[in-house]
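Topology and contacts: notes
Here is what each chain is made of, one letter per residue.
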Amino acid sequence: MSRSVACIDYRNGKILIAKRIARGEMGDRWEFPGGKIEKGEDYTAAIKREMNEEFGCSCKIFEELAQGTFEHKGKACSVVAFRVQLENDGISVPFKLTEHTQTAWVEPEEIRRLPFVDSDLNIFDQIKKSLGISEK
């Protein structure tokens with residue numbers, strides 16, 4: 001089973017999301033930052049590596065917020081979401097994006113109106129509940 005992590009940076013009532021580069025079937029869609037867990041990695045190592053590779057920064061890692069399973073190209077996959085705080089907000093110090101074309105801080109109710117990857121949408125209600133978010 002392929003395993004991945006989703007990183008939820010939630011500040012001032014907004015969640016950090018990132019728009020994927022326009023390639024592959026998930027291209028040009030929004031997602032929570034994160035990615036695949038490589039062989040031999042635990043969640044912490046995967047989160048730290050992904051945030052460094054994709055955003056050029058480090059982060060603090062807090063509690064697990066949600067988990068789910070999905071199928072991608074006939075293969076079983078899992079995703080676990082953790083609350084994180086990146087070392088900067090991408091605005092005062094821009095992120096060094098490698099897998100995304102842009103980032104945005106959005107209010108939770110905006111997420112369902114965006115072209116978002118299905119695997120992240122499937123765990124979004126769990127994430128909101130864990131963070132105590134009620135949509136307006």
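Criteria and thresholds
- All residue numbers here refer to positions counted from 1 along the written sequence of the relevant chain.
- The predicted nature of this model means local features are confined to residues of pLDDT at least 70 and side-chain atom pairs, given and counted, to a pLDDT of 80 or more, with totals for whole chains, interfaces and linings taken over all residues.
- Side-chain numbers come from the whole structure's heavy atoms, not from hydrogens or water.
- Secondary structure elements are taken from DSSP: a helix is a run of H or I of four residues or more, a strand is a run of E of two residues or more, and numbering for both begins at the N terminus.
- Each residue gets one of three labels from its accessible area relative to the maximum for its type: buried under 20%, exposed over 50%, partly exposed in between, using a 1.4 Å probe on protein chains only.
- Residues counted as positive are Lys and Arg, residues counted as negative are Asp and Glu, and His and the chain ends are not counted.
- Counted as salt bridges are all cases of a side-chain nitrogen of Lys or Arg within 4 Å of a carboxyl oxygen of Asp or Glu.
- Only heavy atoms enter the contact rule, under which two residues are in contact if any of them lie within 4.5 Å.
- Think of a polar contact as two N or O atoms within 3.5 Å of one another; within protein, one of them needs to be a possible hydrogen donor and the other a possible acceptor, and neighboring residues in sequence only count if both atoms come from side chains.

Quick notes on the side chain of E54
Of note, E54 is situated in helix α1 (residues 43–55). Buried charged residue E54 carries no salt bridge. Nearest counter-charge: R49, at 6.6 Å. What E54 contacts, discounting residues up to four positions off in sequence, is G34, K96, L97, T98, E99 and H100.

Considering the pattern of salt bridges
For the structure shown, the criterion picks out twelve salt bridges. Two residues, R11 and D9, come together in a salt bridge whose shortest N-O distance is 2.9 Å. Judged by relative accessible area, which is 1%, D9 ranks as buried. Here R29 makes a salt bridge to D118, at a shortest N to O gap of 3.2 Å. One end of the pair, R29, is in the loop between β3 (14–20) and β4 (30–31); the other, D118, is in helix α2 (residues 118–131), and 89 residues separate them in sequence. Of the residues examined, D118 reaches a relative accessible area of 45% and is grouped as partly exposed. One salt-bridge network, held together by shared partners, links E38, E41, R49, E50 and E53.

Description of the side chain of E50
Position of E50 among the secondary structure elements: in helix α1. In this structure E50 comes out as buried when scored by relative accessible area, which is 5%. Reaching out from E50, the side chain makes a polar contact with the side chain of R49 at a distance of 3.1 Å. Apart from the residues within four sequence positions on either side, E50 is in contact with G34, G35, K36 and F55.

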